[in-house]
Amino acid sequence: MLTQPPGHGFSRAAIVGAGLMGRRIAGVLASAGLDVVVTDTKTEILAIAAAEAGQVTGAEHGSVSATGDLAAAVRNADLVVEAIIEDLAIKQELFAQLADLAPAAVLATNTSVLPIRAVTERVDDGSRAIGTHFWNPPDLIPIVEVIPSARTAPETADRVIALLTEAGKLPVRVERDLPGFIGNRLQHALWREAIALVDEGVCDAETVDLVVRNTIGLRLAALGPLENADYIGLDLTLAIHDAVIPSLNSDPYASPLLRTLVAEGRLGARTGRGFLAWPAGARERTAARLAEHISAQLTRERTF
């Protein structure tokens with residue numbers, strides 16, 4: 001459900017984690033007029049992170065600064081966004097610190113899959129804890145999934161949605177706090193079947209990607225899956241499901257092929273080989289191609 005209530009009351013934000021996500025989230029929030037401080041344990045990346053966030057923001061909006069001191073970064077913040085490694089125990093420890101260091105701030109996690117209640121369980125006042133899942137690259141992808149836990153106050157969600165709307169994003173409220181939220185549950189259902197097709201010898205990885213990019217990938221931005229089901233007719237959709245769904249992969253665990261690749265150190269672009277080969281410079285070229293494609297789509301037609 002799309003929601004755009006007026007007003008948010010935020011003026012100062014802190015971003016914990018200055019990686020590719022955190023620094024760009026900082027720029028997004030600064031574009032809404034907030035003064036943003038970025039912090040990270042890796043102090044050597046802070047200057048670069050602040051500069052990149054400033055490029056996202058533009059000079060006419062809020063400010064972005066950086067510090068390696070967590071306590072100083074969050075001391076005056078009325079919103080803190082966590083954007084660190086996707087490790088539940090590490091996130092829980094951080095939120096326990098944030099609960100003490102920023103006792104009046106709204107505390108948000110940018111986790112992409114972990115339940116918000118679990119991430120923020122060590123925050124005594126759960127009414128101010130919430131999930132804000134930005135998609136990569138966060139300055140370009142319009143959607144931000146806003147996920148209240150069972151403890152989150154309705155006012156907290158309303159304020160966060162209002163802020164994101166002012167920042168030019170498209171916030172959607174996720175009504176149940178479940179792993180993966182909306183987008184990643186859809187995405188990884190597709191990935192599970194894609195990996196299964198390779199593992200079962202139906203085709204190779206290059207063919208999977210070629211088919212997706214040149215079929216459903218071409219139309220998804222203009223025609224969502226449920227709109228498409230209506231468009232072709234639910235009777236036909238039912239017939240297709242009766243024929244196809246029984247043969248789709250439904251393993252309740254990660255693919256053995258995926259585990260094998262990870263065990264062999266074939267981690268993808270970072271290591272030069274995963275399902276595909278990634279020669280030197282390929283990851284950077286892919287990032288540039290993705291950003292150019294998203295920007296072109298958004299310029300051509302706003303999908304929301």
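Residues numbered from 1 in each chain as written. Predicted model: local features only at pLDDT ≥ 70, side-chain atom pairs only at ≥ 80, totals over all residues. Heavy atoms only, no water.

**Some remarks on helix α6 (residues 154-166)**
Here comes step 1: Helix length check: α6, at 13 residues, gives a terminal C-alpha distance of 19 Å against a target of 18 Å (1.5 Å per residue), a fit within 8%.
Here comes step 2: Turning to α6, its buried residues number three or more, namely Thr156, Ala157, Val160, Ile161, Ala162, Leu163 and Leu164.
Here comes step 3: Buried residues in α6 make contact with α1 (20-31), β4 (79-82), β5 (106-109), β6 (129-134), β7 (143-148) and β8 (170-173).
Here comes step 4: Glycine 168 occupies a position one or two residues after α6 and carries a positive phi of about 85°. (Helix = DSSP H or I, 4+ residues; strand = E, 2+ residues; numbered from the N terminus. Expected span 1.5 Å × (residues − 1). Buried < 20%, exposed > 50% of the residue type's maximum accessible area, 1.4 Å probe, protein only. Contact = heavy atoms within 4.5 Å.)

**Some words on the UniProt feature "site: Important for catalytic activity" (unreviewed entry) in the protein chain**
Here comes step 1: Under the UniProt annotation, "site: Important for catalytic activity" (unreviewed entry) lies at His133.
Here comes step 2: On the basis of relative accessible area, histidine 133 is assigned to the buried category, the value being 4%.
Here comes step 3: Side chain to side chain, histidine 133 and tryptophan 135 meet in a polar contact 3.5 Å long. (UniProt positions renumbered as here; feature names shortened; annotations may be inferred. Polar contact = N/O pair within 3.5 Å; in protein donor to acceptor, adjacent residues only side chain to side chain.)

**Quick look at the nonpolar core**
Here comes step 1: Ranked by internal contacts, the top residues of the largest apolar core, which has 31 residues, are Ile15, Leu29, Val36 and Leu79.
Here comes step 2: Looking at this core element by element, the count peaks at 6 residues for α1.
Here comes step 3: One finds Val16, Leu94, Leu98 and Ala102 within the second-largest nonpolar core, a separate group that totals 17 residues. (Core = buried A, V, L, I, M, F, W, Y, C linked by side-chain atoms within 4.5 Å.)

**A closer look at the pattern of salt bridges**
Here comes step 1: Inspection of the entire model under this criterion finds 8 salt bridges.
Here comes step 2: One salt bridge in this structure joins aspartate 139 and arginine 24, with 2.9 Å as the shortest N-O distance. One end of the pair, aspartate 139, is in the loop between β6 and β7; the other, arginine 24, is in helix α1, with 115 residues separating them in the sequence.
Here comes step 3: Arginine 24 sits in the partly exposed class, given a relative accessible area of 24%.
Here comes step 4: Arginine 128 is paired through a salt bridge with aspartate 125; the nearest N and O atoms lie 4.0 Å apart.
Here comes step 5: Through salt bridges with shared partners, one network takes in Arg23, Arg24, Glu52 and Asp139. (Salt bridge = Lys/Arg side-chain N within 4 Å of Asp/Glu carboxyl O.)

**A short note on the sheet that holds β7**
Here comes step 1: The 8 strands are arranged β3-β2-β1-β4-β5-β6-β7-β8 in an open sheet whose pairing can be described as mixed. Both outer strands of the open sheet, β3 (63-67) and β8, are each paired with one neighbouring strand and no more. Direction aside, the axes of adjacent strands within the sheet are offset by 25° on average.
Here comes step 2: Bridging between β7 and β8 involves 4 bridges; their strand directions are parallel. Counterpart to valine 146 in the pairing with β8 is arginine 173.
Here comes step 3: Strands β1 (12-16), β4 and β5 of the sheet are contacted by helix α4 (residues 88-101), whose axis makes an angle of about 165° with β5. (Pairing = 2+ DSSP bridges. Axes fitted to C-alpha atoms, helices over the stretch in contact; angles between N-to-C directions.)

**With respect to the packing of α1 against helix α2 (residues 46-57)**
Here comes step 1: One can describe the packing of α1 onto α2 by two numbers: an axis separation of 7 Å at closest approach and a directional angle of 40°. Comparing the axis directions of α1 and α2 gives the class oblique. Between α1 and α2 lies a crossing whose hand is right-handed. The residues of α2 that touch α1, namely those facing Arg23, Arg24, Ala26, Gly27, Val28, Ala30 and Ser31, are Ile48, Ala49, Glu52, Ala53, Val56 and Thr57.
Here comes step 2: When the residues that make up the contact of α1 with α2 are grouped by side-chain class, the tally is 7 nonpolar, 3 polar and 3 charged. (Parallel < 35°, antiparallel > 145°, perpendicular 65-115°, else oblique. Left-handed = near helix turned anticlockwise from the far one by under 90°. Nonpolar A, V, L, I, M, F, W, Y, C, P; charged D, E, K, R; others polar.)

**A word on the domain arrangement of the protein chain**
Here comes step 1: Here the domain parsing of the protein chain yields domain 1 (12-173) and domain 2 (184-302).
Here comes step 2: The C-alpha-based centres of domain 1 and domain 2 are spaced at 28 Å.
Here comes step 3: Contact residues are listed per partner, giving 8 residues for domain 1 and 7 residues for domain 2.
Here comes step 4: Between domain 1 and domain 2, the buried area comes to about 580 Å², and carbon and sulfur atoms account for 67% of it. (Domains from an automatic or database assignment. Buried area = accessible area lost by both parts, 1.4 Å probe.)

**Focus: the environment of leucine 46**
Here comes step 1: Locating leucine 46 in the fold gives a position in helix α2.
Here comes step 2: In the structure, leucine 46 is positioned 22 residues away from glycine 68 in sequence and 7.6 Å away in space, judged by C-alpha atoms.
Here comes step 3: Among residues more than four places away in sequence, those in contact with leucine 46 are Ala18, Val38, Thr39, Asp40, Ala66, Thr67 and Gly68.

**Examining the environment of valine 146**
Here comes step 1: Along the chain, valine 146 falls in strand β7.
Here comes step 2: Judged by its relative accessible area of 0%, valine 146 is buried.
Here comes step 3: Taking C-alpha positions, valine 146 is 11 Å from threonine 111, a pair spaced 35 residues apart along the chain.
Here comes step 4: Residue contacts for valine 146: discarding those within four places in its chain leaves Ile130, Gly131, Val160, Ile161, Leu164, Pro171, Val172, Arg173 and Val174.

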